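# Structure at a glance
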Amino acid sequence: MAEHESLEFGKADFVLLDNVSLEEFMANLKHRFEKGRIYTYIGEVVVSVNPYRAMNIYGRDTIEQYKGRELYERPPHLFAIADAAYKAMKRRNKDTCIVISGESGAGKTEASKYIMQYIAAITNPNQRAEVERVKNMLLKSNCVLEAFGNAKTNRNDNSSRFGKYMDINFDFKGDPIGGHINNYLLEKVGGAQLMGILGGPESLLRSLHIQKDPTVYNYIKVGGHIKSCINDGADFKAVADAMKVIGFTGDEIQTVYKILATILHLGNLTFGVDGDITLIENSKVVSVIGDLLSTKEDNVEKALLYRTVATGRDVIDKQHTVQEASYGRDALAKAMYERLFCWIVGRINDIIEVKNYDARVHGKNTVIGVLDIYGFEIFQNNSFEQFCINYCNEKLQQLFIQLVLKQEQEEYQREGIPWKHIDYFNNQIIVDLVEQQHKGIFSVLDEACMNVGKVTDEVFLQGLNGKLAKHAHYTSRKLSPTDKSLEFDRDFRIKHYAGDVVYSVVGFIDKNKDTLFQDFKRLLYNSSNPVLKGMWPEGKLSITEVTKRPLTAATLFKNSMISLVENLACKEPYYVRCIKPNDVKSPLLFEQERCRHQVEYLGLLENVRVRRAGFAYRQTYPRFLQRYKMISEFTWPNHDLPSDKDAVRRLLQGCGFDHDVAYGKTKVFIRTPRTLFSLEEQRAEMVQRIVLFLQKVWRGTIARMRYRRMRAALVILRAYRRYKVKSYIREVNRRFKNVGSMKDYGRHVKWPTPPKVLRKFEEALRSIYNRWWAWTLIKGLSPEEALQVRAKVASLEALKGQRADLGLQRAWEGNYLVSSKRDSPETASSFTLVSSELQRKDKFMRVLFSCNVRKINRFHKAEDRAVLITDRHLYKMDPLKQYKPMKSIPLYNVTGVSVSPGKDQLVVFHTKDSRDLVVCLQGMVPSTESRIGELVGTLLSHFKSEKRKLQVNISSPIQCSMNGRKCTVIVEAKINQSQPDFTKSRSGYILAVPGN
């Protein structure tokens, strides 16, 4: 059964139809065609409907889907049949054959090409050169044989006018090693093959004296219509290239062209009379023919106009009549074409046949045969060719039915299933009607041809009427006078298995005798062209030499058919039945009557009946279980019964189908398709549940795997972190173990790089170390030194990164005006007296800072002053009046200080009453010394000790309030400025400082 294809496409196997009737068969065939499914099974037979369009189902991907698969495992396809034949050949060492049949235009030749392509693709995994060569030869030979063996008919542009049976030889490994082709050519000159040469290059056509216009040549125009096949340069080149690949030499290919050109020119020869003399009217053509055949023009003319006759020892030349000359001309053309085709086949066989193969050394040589032969034909006018074609199809149909029945019977016997007789149409009676000795149509035809005297087609028809008058499948107008569909003395009717066919006897005698005058054979044998000479060995016979009467065309064809059937009968057969859906080559049209007729004459319904007569479906126990075991609890997921047969029995009994099955030795047989469909429905339902279950289990498994991985990763991560933490702490401990005894208490020690997780910990650890280091340094300081350190720390915190020089590297003296070595040593004593008096008066504990300054008074004038900052007040003093205190500001009234970010010494003291004090420190020794950092740090440290807040601003310009009025102090550098000084501006004041 074909699986993996939804029922929306119809039944993939006709055996599974609910009712075996022509109506159901046709409905299923049409439905599948309309759904784009051109292949359907009948058991192991493929029914193929020509799609008349390119389909993307033959590529490498599709080949891989069918490679090594069983027939029923994939949707119906040609590749499945090809693979089954290849497996049977390779696994069981059996010769197999694939028989492709159907009427003209049904797609037989394309099917054979796809089968060849598949076999070529699945062999030779190692791409060995010899095997590739053989494959290429076989595929290319197909191209050449199609070119010379196909023609255009009223049904098909590429109709096979020859039958082709190709044996592909394989070695014991299953690789192709050669092949052999048998041909069955019917029409001995076809317009399509001749027209192919018109696609050649201009230089070739000139050398052959050929024009590109096909209407010039009589043989390739029929009733005003041009036959066409290989009709362009691309097709011509493809055939020429294929011949080169196969191994045809340049001389051989050139001879082929010359023969085709000769046949075209022969068709244009016309004969006339001059009194009693027959002559050639267009004698220039004779010269061309002589040139092409590499023989003398006179010899050509003589052979066309005279016949040499031996009477005893005398030899005379008998002149032809115009009718005889015309007959001889056509006979020569046909004979040359037939001989050319047979020579091509023989040449291909010489090249591709197996050479130097010894079965004792190389193992058994097995073959796969591919038969692509003309289909059954019923035309308006059916002649000798159609009669032979239809006889061939009768033989093959007889073989088909016999082999199918034989296969069925053998399988039943192997499996121990009782065999019951099957009624079917036995067309042996029609085969006998044609080929029986003395009574058959071929025998009557041969007898008529051997009669002495004037033999006509009417004489042949009279012979048929005399011998076959009582035959149930034969009639003529003489035997059925009232049947007006038959003409007197012309027609007879045969009741074929495919339907009734009326044949016209006109031409039967001539086509059967098909005699070629010996003069032509001698003419061609005596050619100086060795290739052409080799095609006509019988031309060397002497004129007086007596030879046997040659076998007639009918006898030759009958013998070849008998031989073919015997060859096929000894192989394991596989079948492809091709159907033509319409006559207009439409990919959409399915002509019901047209297809029904083909289904009938292909015997497809009988094939289904034979297959269904006993059991519609059979399968081996293991494979049946593999597909349906989920239906039963006894077989899912695996059974514990003694054998697979017992398991299958238990499964079918559980489903209630035991009455509709039989159990063979290795297979289970199911009688009706309904049982199988029921099994499929149950399976589909269970598969859905199994898939859900498997998804659940798999998702759970994935989740658990993911959890275990995460957990393992977490454990590893924790262990690694612990290791890194411990390593870091151990390293820190090692490096800082003895810092207490180091001179710089470990400041030079480099900290190890912490793991990422300990970066914040490292920051805290560094902070702890820094505090310890600072404490270690501070604990040895005096109270004065400790105060200075606190002031420096406060200054650093407030001004770091905002002013360049904070004076941190020097000692901060604070009370600079009292020092004899600093700013004003000559006035130090005066300042000391004043400060002592102020201390007594205001009860301050210590002096925080003192320095000379330049300030702005209330009249907006700049003047020199000194500031003294104690722990209680800020005093302004006049240095010119022995530091007389001018004004004091309580320190609790100071809310903040503002400084600029530059190197200047500008300081603004902000007060609660908005009477800010704007000063610039000056008189420093050395003059480049900056005391802003010391002033800010000292004030901040003091305010902090008293738990008060002092706002420190670093900005430029500085905003302040002078006597309640808002103003701005701007610092400007001037090149010629020697000392800092204030000037009035529109918005406030400008402090000019030296620019260098």
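See the structure shown above.
First, a word on scope: everything that follows refers to the structure included in this document. (Residues numbered from 1 in each chain as written. Predicted model: local features only at pLDDT ≥ 70, side-chain atom pairs only at ≥ 80, totals over all residues. Heavy atoms only, no water.)

## A look at helix H15 (residues 428-435)
For the record, the criterion: Only protein chains enter the accessibility calculation, which uses a 1.4 Å probe; a residue is then buried when its area is under 20% of its type maximum, exposed when over 50%, and partly exposed in between. Numbering goes from the N terminus for both helices and strands, where a helix is a DSSP run of H or I of at least four residues and a strand is a run of E of at least two. Contacts between residues were defined by any pair of non-hydrogen atoms, one from each residue, lying within 4.5 Å.
Of all the positions in H15, only Ile-430, Val-431, Leu-433, Val-434 and Glu-435 are classed as buried. Along its buried surface, H15 packs onto helix H14 (384-415), helix H16 (441-450), strand E15 (474-476), strand E16 (491-496) and helix H21 (553-569).

## Digging into the side chain of Ser-504
Along the chain, the position of Ser-504 falls in strand E17 (residues 499-504). Residues within four places of Ser-504 in sequence aside, it is in contact with Asn-381, Asn-382, Ser-383, Arg-490 and Asp-491.

## Describing unusual backbone geometry
Following Val-925, the chain continues into Pro-926 via a peptide bond in cis, with omega recorded as 0 degrees. Looking at the element boundaries, Pro-926 is found in the loop between strand E28 (917-921) and helix H30 (932-945). Despite not being glycine, His-209 shows a phi value in the positive range, around 60 degrees. Residue placement: His-209 occurs in the loop between helix H7 (202-207) and strand E8 (221-222).

## Here's the deal with helix H29 (residues 828-842)
For clarity, the threshold we go by: Helix span is expected to be 1.5 Å times the residue number reduced by one. What the arc describes is the spread of directions from the helix axis to the C-beta atoms.
The terminal C-alpha atoms of H29, which comprises 15 residues, lie 21 Å apart, in line with the 21 Å expected from a rise of 1.5 Å per residue. Restricting attention to buried positions, one finds in H29 the residues Ala-828, Ser-830, Phe-831, Val-834, Ser-835, Leu-838 and Asp-842. An end-on view of H29 places all buried positions within 155 degrees of arc, on one side of the element. When the buried face of H29 is taken as reference, the exposed residues oriented beyond 90 degrees from it are Leu-833 and Arg-840. Residues of H29 that are buried sit in contact with strand E22 (847-856), strand E23 (862-870), strand E24 (873-878) and strand E25 (884-890). Trailing H29 by a residue or two, Lys-843 shows a phi angle of about 60 degrees, which is positive.

## Focus on the pattern of salt bridges
Counted only if it meets this: Definition used for salt bridges: Asp or Glu carboxyl oxygen within 4 Å of a side-chain nitrogen of Lys or Arg.
For the structure on display, the rule yields 33 salt bridges. Ionic pairing is found between Lys-237 and Asp-241, a salt bridge with its closest N-O pair at 2.8 Å. A residue pair is termed a helical-turn pair when its members lie 3 or 4 positions apart in one helix, as Lys-237 and Asp-241 do in helix H8 (residues 233-246) at four residues. Of the residues examined, Asp-241 reaches a relative accessible area of 29% and is grouped as partly exposed. Each of Arg-810, Glu-929, Arg-931 and Glu-934 takes part in one network of salt bridges that share partners.

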